[in-house]
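Breakdown of the fold
Spelled out from the first residue to the last, the chains are:
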Amino acid sequence: MQLFYNSSINENSTSFVFDKEESKHIIKVLRKKDGDILFVTNGLGYLFKTAITLASDSKCNVSILSFEKIAPSPHPLHLAVAPTKMNDRYEWFLEKATEIGIQEITPIICDRSERKVINKERFEKIILTAMKQCNTCYLPKLNEAISFKDFIKQEHDGSLLIAHCEETDKKSLKSVLKKNTKTTLLIGPEGDFSEKEIETALANNYIAVTLGKTRLRTETAAVVACHSVAFFNE
C-alpha cells in the first residue's frame, strides 16, 4: 500500500483536492488515472480509501469511499533529544524513530549543546516522508526547541527517564520500562548532560538509565531507546 497525506480531511469529509506538488507526483510520476484507488491519512490515526475523480496534475480530486480509525499506541514514547552538531545525524534519528514508532519529539538545548538552532520545517518534512514510507497513520509531533531548564519544568506523566554517560548509579532501560505506559526519555548532546542537569533531572523525579555498556552517539542512543521501548512492548 502506498500512503498519501492530507492534514485537512477528517471523518466528515466526502472529497478533497491534493495540492499541486502532490497532484503532479500522483498523475505524472505514478501515472494514476480516474477511478484509481489511493489510500490517504491525515496523520491523526485515520486511514481513508479514496478514488480519483479528476486526474489533473495540478489539482487531483478524490472522493472518499471509506475510512477506519487505527488505534493509537498504548505505550507512547516522547524523546527529548539534544540537536547534534551535524544536522544530518539528527535527521537520520528523526527518520528512523518515525519508522520504528514514536509519538513525540522535543529538541532540547543543553549546557553543552554545540547546536542551539534547528530547522523545524525541514525536520517536519523528514518525519512526514518517513511516516508515509512506513505506512503508519500517526504523524509524530515535533515540538519547538526548548532549553533543558524549561523542559524539566514542564509536567509529563508516565515514566520519566534520563540517559547519560556519567559513572553514577544507573538502572538498565529494560529494568525500568513498564508495559503500556507513556515514557519520556531525555538524551543529551555529544558532550553529554552536565552534572547540574543530571542533578536537576533526578530532583524532578527522573530516573537515570543506561542504554548499554558502550558509549553511543546522541542519534544512535535515541534510536536504540526508541527500538528498546517498541521491542519491550511487543
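Now for a description of the structure that goes with this document.

Cut-off values and rules
Residues numbered from 1 in each chain as written. Predicted model: local features only at pLDDT ≥ 70, side-chain atom pairs only at ≥ 80, totals over all residues. Heavy atoms only, no water. 1 Å grid on protein atoms, 1.4 Å probe; cavity = no way out; pocket = protein on both sides within 12 Å on 5 of 7 lines; lining within 4 Å. Points joined across faces, edges and corners; volume = space filled by probe spheres on them. Helix = DSSP H or I, 4+ residues; strand = E, 2+ residues; numbered from the N terminus. Nonpolar A, V, L, I, M, F, W, Y, C, P; charged D, E, K, R; others polar. Pairing = 2+ DSSP bridges. Buried < 20%, exposed > 50% of the residue type's maximum accessible area, 1.4 Å probe, protein only. Contact = heavy atoms within 4.5 Å.

**Thoughts on the layout of surface pockets**
If you add up the space inside the largest pocket, you get close to 600 Å³. Surrounding the largest pocket, 18 residues form its lining, Glu21, Glu22, Leu128, Thr129 and Lys132 being those nearest its centre. Broken down by secondary-structure element, the contributors of at least two residues to the lining of the largest pocket are β1 (3-5), α1 (20-29) and α3 (120-133). For the lining of the largest pocket, the element with the highest residue contribution is α3, accounting for seven residues. A per-class count over the lining of the largest pocket returns five nonpolar, six polar and seven charged.

**Quick look at the pairing of strand β3 (residues 37-41)**
Consecutive side chains of a regular strand alternate in pointing toward one face of the sheet and then the other. Across three bridges, β1 lies against β3 in parallel orientation. If you follow Leu3 over to β3, its bridge partner there is Phe39. Bridging between β3 and strand β4 (residues 46-54) involves five bridges; their strand directions are antiparallel. Across the sheet, residue Phe39 finds its bridge partner in β4, namely Lys49. Linking two consecutive strands that pair antiparallel, namely β3 and β4, is a turn of four residues; a positive phi of about 80° is found at Gly43 within it.

**Describing the environment of Ala82**
Structurally, Ala82 is set in the loop between β6 (77-81) and α2 (87-100). Under the relative-accessibility criterion, Ala82 is labelled buried at 0%. Put simply, Ala82 and Arg115 are 33 residues apart on the chain and 8.4 Å apart in space, counted from C-alpha to C-alpha. Contacts of Ala82, omitting those with residues within four sequence positions, involve Tyr90, Ile108, Cys110, Ser113, Ile187, Gly188, Pro189 and Thr218.

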